[in-house]
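Summary of the model geometry
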Amino acid sequence: NLIFGSGKTEILKEIEKTSFELLPKLNHAVNIFESESDMKTQELLIREQFILIGTLLTLFFEALFIVIPSIKFAKRKEEELNKLNKELEERINLAVDENNKKEKVIQKQYYINQTAELINNIAHQWRQPLSIISTIASGMKIQKQVGSLEDNEIEKNLDSIIRKTQYLS
């Protein structure tokens, strides 16, 4: 055991000696790794900032050159549409007013035509009795000139004239 124990001690001393030599080297390697890692992290942060700035610039230019003009275009088209709607409404109102005026004219013409027809009917109804009265009077005048007018015929003709004038009345 002593031999084995003394071998163990030597190995432990060798390990200790080697570890004292390795620890500074490991420490140095860890420091280099940390500094490289910090450098890489810093580079990634800078890249992230560039990407963020690029994204923000892209959004800004999108808004400036795409979204804002689209909104202005939509507003302009909406204004044009509203203007067209107003013009169309005015034209419709004018057409409705014109149609109302034409309808009134047609109604007046219809009334005038009905009145003219009524007057023609009245004139026709008056012409017959007047024609009969005129014929009776002319016949009586001719009979008196010829000397063939008799009293009973005068009475009969006057009765007929009275009836026709009452009808006209």
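Everything discussed here concerns the structure shown above.
Conventions and cut-offs
Residues numbered from 1 in each chain as written. Predicted model: local features only at pLDDT ≥ 70, side-chain atom pairs only at ≥ 80, totals over all residues. Heavy atoms only, no water. Helix = DSSP H or I, 4+ residues; strand = E, 2+ residues; numbered from the N terminus. Rg over C-alpha atoms; globule rule 2.2 N^0.38 Å. Buried < 20%, exposed > 50% of the residue type's maximum accessible area, 1.4 Å probe, protein only. Core = buried A, V, L, I, M, F, W, Y, C linked by side-chain atoms within 4.5 Å. Contact = heavy atoms within 4.5 Å. Salt bridge = Lys/Arg side-chain N within 4 Å of Asp/Glu carboxyl O. Patch = residues over 30% accessible without salt bridge, like charges linked within 9 Å, V, L, I, M, F, W, Y side chains within 5 Å. Areas by Shrake-Rupley, 256 points an atom, 1.4 Å probe, with all protein chains shown as cover. Lys, Arg positive; Asp, Glu negative; His and termini not counted. Charge placed at Lys NZ, Arg CZ, Asp CG, Glu CD. Phe/Tyr/Trp six-rings, centres within 6.5 Å; stacked < 30°, edge-to-face > 60°.

**Let's talk about the overall build of the chain**
Counting secondary structure elements, the chain contains two helices and zero strands. Relative to its length of 169 residues, the chain is extended, with a C-alpha radius of gyration of 64 Å against a globular reference of 15 Å. Expressed along its principal axes, the backbone C-alpha trace of the chain runs to roughly 200 × 40 × 15 Å. Taking all 169 residues of the chain together, 5% fall into the buried category.

**Some words on the nonpolar core**
Counting five residues, the largest nonpolar core consists of I133, I136, M140, I161 and L168. For this core, the secondary structure elements donating two or more residues are α1 (2-146) and α2 (151-168). At three residues, the largest contribution of residues to this core is made by α1. Excluding residues that lie within four positions of it along the chain, M140 makes contacts with L149, I154 and N157.

**Considering the pattern of salt bridges**
Counted under the stated rule, the structure contains one salt bridge. Here K77 and E80 are joined by a salt bridge, their closest N and O atoms 3.4 Å apart. Taken together, the residues K77 and E80, both in helix α1 and three residues apart, mark about one turn of the helix. A relative accessible area of 39% places K77 in the partly exposed class.

**Topic: a negative patch on the surface**
A surface patch of negative charge is lined by E150, D151, E155 and D159. By the secondary structure assignment, D159 is in helix α2.

**Describing the packing of aromatic side chains**
Using the criterion set out here, one finds two aromatic pairs in the structure. Each ring, one from F61 and one from F65, has its centre 5.9 Å from the other, and the planes form 15°; the classification is stacked. On the criterion of helical spacing, the pair formed by F61 and F65 is a turn pair, its members being four residues apart in helix α1. Since its relative accessible area comes to 56%, F65 is described here as exposed. In this structure an aromatic cluster arises from ring pairing among F60, F61 and F65.

Read these as layout, nothing more, since geometry by itself doesn't imply function.
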